[in-house]
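Chains, contacts and geometry: an overview
Listed below, chain by chain, are the residues.
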Amino acid sequence: MKHVVAVLLAVALTVSAFAHEGEDHSEPAAPSSVAEAHPRAATATELFELVAVAQGDRLMLYLDRFATNEPVSAAGIEIESDALKVSAVEVEPGVYQAVADRFAHPGPHLLTIEVRAGDDVDLLSLVVDGVSASAARPATPAGGPAREAQAWRHPLVWGASGAGLLAGAGVLALRRKGRRAQTRGAQ
């Protein structure tokens, strides 16, 4: 009997962990800051590492030295794609910006980027999608945080808890029946 009580107590504590007071799970908490995701691509060579981020008609380029990961300042950057040829302008150390209507159009854009930094010259290729992230993705993931926070209310959780309780009780009953049979056989 004491094993049955122990199992019932363990199951009750497990189920109570799902349902507790003191927290409001009805509304998800608003994130403190939401960073808008934009289509991006990255490439690297022996000299440079480049990350390109499409933001509407702007293409932001983050340029670092591959070996040291330090930002590359005062570089000359030319971007080519089909008939497009545009120069990028440095907006802060290691960050460059190019503006062209083509970047705002949907579809992948194959870019060839020439980087000139001091005596170093390199060609980099990458593909950037031109669709803005806010148009391509919903604001919250499917289900969102509210669904995850209220998952314990799902009938399957309660059904699984009940099935576990019944299985444990069944195992204990079989063990008890086996012990009784052994004691009767020994007498």
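Because the structure is predicted, anything quoted here is derived from the model rather than measured. (Residues numbered from 1 in each chain as written. Predicted model: local features only at pLDDT ≥ 70, side-chain atom pairs only at ≥ 80, totals over all residues. Heavy atoms only, no water.)

**Side note on the overall build of the protein chain**
Helix and strand counts for the protein chain stand at four helices and eight strands. Seen in sequence order, the protein chain has helices and strands lined up from the N terminus as α-β-β-β-β-β-β-β-β-α-α-α. The buried share of the protein chain, taken over its 187 residues, is 26%. In the protein chain, of all internal contacts separated by at least 6 residues, the share reaching a separation of at least 24 is 48%. (Helix = DSSP H or I, 4+ residues; strand = E, 2+ residues; numbered from the N terminus. Buried < 20%, exposed > 50% of the residue type's maximum accessible area, 1.4 Å probe, protein only. Contact = heavy atoms within 4.5 Å.)

**A few points about the pairing of strand 2 (residues 48-55)**
Pairing analysis gives five bridges linking strand 1 (residues 40-44) to strand 2, with the strands arranged antiparallel. The partner of Thr43 across the bridge, within strand 2, is Leu50. Turn length for the strand 1-strand 2 hairpin, with the two strands adjacent in sequence and antiparallel, is three residues. Strand direction decides the pairing type here: strand 2 and strand 3 (residues 58-65), joined by eight bridges, are antiparallel. Bridging across to strand 3, Ala52 finds its partner in Leu61. Joining the antiparallel neighbours strand 2 and strand 3 is a turn of two residues, in which Gly56 adopts a positive phi near 70°. (Pairing = 2+ DSSP bridges.)

**Considerations on the nonpolar core**
Counting 26 residues, the largest nonpolar core has Leu59, Leu61, Leu63, Ile77, Ile79 and Ile113 as its most contacted members. When residues of this core are traced back to their parent elements, those giving at least two are strand 2, strand 3, strand 4 (76-81), strand 5 (84-92), strand 6 (95-99), strand 7 (108-117) and strand 8 (120-129). For Ile77, the contacting residues outside a window of four places in its chain are Leu61, Leu63, Val86, Ser87, Ala88, Tyr96, Ile113, Glu114 and Val115. (Core = buried A, V, L, I, M, F, W, Y, C linked by side-chain atoms within 4.5 Å.)

**Brief notes about the sheet that holds strand 5**
If you walk across this open sheet you meet the eight strands as 1-2-3-6-5-4-7-8, and the pairing is antiparallel. Every interior strand has two partners, whereas the edge strands, strand 1 and strand 8, have only one. Across the sheet, the mean angle from the axis of one strand to that of its neighbour is 25°, orientation sign disregarded. Bridge analysis of strand 5 against strand 6 gives three bridges, and the strand direction is antiparallel. Its bridge partner lying in strand 6, Glu90 is registered against Tyr96. (Axes fitted to C-alpha atoms, helices over the stretch in contact; angles between N-to-C directions.)

**Structural notes on unusual backbone geometry**
You will see that Asn69, though not glycine, has its phi angle at about 65°, which is positive. On the secondary structure map, Asn69 appears in the loop between strand 3 and strand 4. With a phi angle near 50°, Asp82 is a residue other than glycine that sits in the positive phi range. Relative to the assigned elements, Asp82 resides in the loop between strand 4 and strand 5.

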